[in-house]
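Architecture at a glance
Below, each chain spelled out in residue letters.
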Amino acid sequence: MKRMGMIFRAKANKALDRAEDPRETLDYSYQKQLELLQKVRRGVADVATSRKRLELQLNQLQGQSAKLEDQGRKALALGREDLAREALSRRAALQQQVSDLETQHSTLQGEEEKLTLAAQRLQAKVDAFRTKKETIKATYTAAQAQTRIGEAFTGISEEMGDVGLAIQRAEDKTAQLQARAGAIDELLASGALDDPTGMAKDDIAAELDRIAGGTDVELELQRMKAELAGGSSTGQQAIEGGSAQDGPSRPDFNKH
C-alpha cells in the first residue's frame, strides 16, 4: 500500500507539473497577496474607527465632567453643600471612566500605528513581487517562444512531428504503389497475368515489335546513306562535264 501510494503521488505530481503554468501560479500568488493587503488595510480602518469612537466618548465624558464641576460650584455658592458633594462625587466617577478610556485610546493608537506600518511594508513587498512577477512572466514567455521556434526548426515539435509522419506515410504509400504498378507491368509483359482489355502484348509480340522497330531504323539509315551517296555522284559528274566543254575553247599557243 505504501508503494502504491508513492506511485500514485509521483504520477499525480508529474501530471500537476505538466498542467501547471508558472505565469498562472504567479498571478494567483499576486492575487492572494492583494487580498492579504486588503485585509490589513481593513484592519487598520477598523482600529482607526474604534479609536475615533473612543475619542468621541472621551469628549462626551469630559463635557459631562465639566458640567458637574460647574454645578458643584453653583450649589456651593447657594449654600447647598450636599448638592455640591453629589456633583463632585459623580464627577469623580466620570474621571475614572475618562482615565480608562484614555488608556484604551492610547493602546488603540499604538495598534493603529503598527498596522499602518505593516500595511506600508506589505504594500512595498506586493509592489516588488508584482514587478518580479511580470519580469518572470516575460522571460518565461520569451523562452517558451524560443523553444517552440527551435523545435519547429529541428522538426521535434509535436506539430512538425505530425507533419513529418504524414509526409513519410505519403512517400511510403507512393513507393508501394509504384512498386505494385511495376510488378503488374512485368507480370503482364511476361504473360503471367492476362489483360481483360486485350490491349496487352505477350513476350513474343513484344520481341517482334522491337525487332521490327530496329529493322525500320536500319532501312531508314540505308536510305539516307543512298541519298547522300547519290547527291555526291551527281555533283562530281556535273563538275567533270563542265571541264570537258571548256577544253576545246582554250587557245593553242604552240600551234602558232
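**Things to note about the overall build of the protein**
Across its full length, the protein holds 5 helices and 0 strands. Each helix and strand of the protein, ordered N terminal to C terminal, gives the series α-α-α-α-α. Burial statistics for the protein: of 256 residues in total, 12% are counted as buried. Residue pairs in contact within the protein that sit at least 24 positions apart in sequence constitute 74% of those at least 6 positions apart. A total of about 20,700 Å² of accessible surface is found on the protein, and carbon and sulfur atoms cover 57% of it.

**A short note on the side chain of R51**
On the secondary structure map, R51 appears in helix α2 (residues 22–77). We classify R51 as buried; its relative accessible area is 18%. In terms of polar contacts, R51 uses its side chain to reach the side chain of E55, at 2.8 Å. Apart from residues lying up to four places away in sequence, R51 is in contact with H105, L108, Q109 and E112.

**Here's the deal with the pattern of salt bridges**
Taken as a whole and assessed by the stated rule, the structure comprises 15 salt bridges. K32 is the partner of E35 in a salt bridge, and the nearest nitrogen-oxygen pair spans 3.5 Å. On the criterion of helical spacing, the pair formed by E35 and K32 is a turn pair, its members being 3 residues apart in helix α2. Under the relative-accessibility criterion, E35 is labelled partly exposed at 36%. Between E112 and R51 there is a salt bridge, and its shortest N-O distance comes to 2.4 Å.

**Section: the confidence of the model for the protein**
When pLDDT is averaged across the protein, the result is 78; 72% of the residues are at 70 or more. Here helix α5 (residues 203–246) stands out as the element of the protein with the lowest mean pLDDT, 65, in contrast to α2, whose mean of 88 is the highest. Across residues 242–256, where pLDDT falls below 50, the model places 0 contacts with residues more than four positions away in sequence or in other chains.

**Side note on the packing of aromatic side chains**
In this structure the tally under the stated criterion is 1 aromatic pair. For the ring pair Y30 and F129, a centre distance of 6.5 Å and an interplane angle of 15° mean the geometry is stacked. Taken together, the positions of Y30 in helix α2 and F129 in helix α3 (residues 81–154) put the pair 99 residues apart, joining distant regions of the chain. On the accessibility criterion, F129 (22% relative accessible area) is partly exposed. Positioned over the ring face of Y30 is K133, at 5.0 Å from the centre of the ring.

**Things to note about the nonpolar core**
Counting 7 residues, the largest nonpolar core consists of L54, L58, L61, L68, L94, V98 and L101. No other element matches the 4 residues that α2 contributes to this core. Apart from the residues lying within four places of it in its own chain, the contact partners of L54 are L101, Q104, H105 and L108.

**Observations concerning the side chain of K133**
Tracing the backbone through its elements, the reader meets K133 in helix α3. By relative accessible area, which is 4% here, K133 ends up buried. A polar atom in the side chain of K133 sits 3.1 Å from the side chain of D27. Setting aside residues no more than four positions away along its own chain, K133 makes contact with L26, D27 and Y30.

**Brief notes about α2**
With 56 residues, α2 extends 82 Å between its outermost C-alpha atoms, agreeing within 8% with the 82 Å of an ideal straight helix rising 1.5 Å per residue. G79 sits one or two residues past α2 and shows a positive phi near 85°.

**As for the environment of D21**
One can find D21 in the loop between α1 (2–19) and α2. Residues D21 and Y140, spaced 119 residues apart in sequence, show a C-alpha to C-alpha distance of 9.9 Å.

**As for the environment of Q64**
Residue placement: Q64 occurs in helix α2. Accessibility expressed as a relative area gives 35% for Q64, which makes it partly exposed. Once the C-alpha coordinates of Q64 and Q95 are considered, the two residues, 31 residues apart in sequence, prove to be 9.8 Å apart.

Conventions and cut-offs
Residues numbered from 1 in each chain as written. Predicted model: local features only at pLDDT ≥ 70, side-chain atom pairs only at ≥ 80, totals over all residues. Heavy atoms only, no water. Helix = DSSP H or I, 4+ residues; strand = E, 2+ residues; numbered from the N terminus. Buried < 20%, exposed > 50% of the residue type's maximum accessible area, 1.4 Å probe, protein only. Contact = heavy atoms within 4.5 Å. Areas by Shrake-Rupley, 256 points an atom, 1.4 Å probe, with all protein chains shown as cover. Polar contact = N/O pair within 3.5 Å; in protein donor to acceptor, adjacent residues only side chain to side chain. Salt bridge = Lys/Arg side-chain N within 4 Å of Asp/Glu carboxyl O. pLDDT = per-residue confidence, 0-100. Phe/Tyr/Trp six-rings, centres within 6.5 Å; stacked < 30°, edge-to-face > 60°. Lys NZ or Arg CZ within 6 Å of the ring centre and 35° of its normal. Core = buried A, V, L, I, M, F, W, Y, C linked by side-chain atoms within 4.5 Å. Expected span 1.5 Å × (residues − 1).

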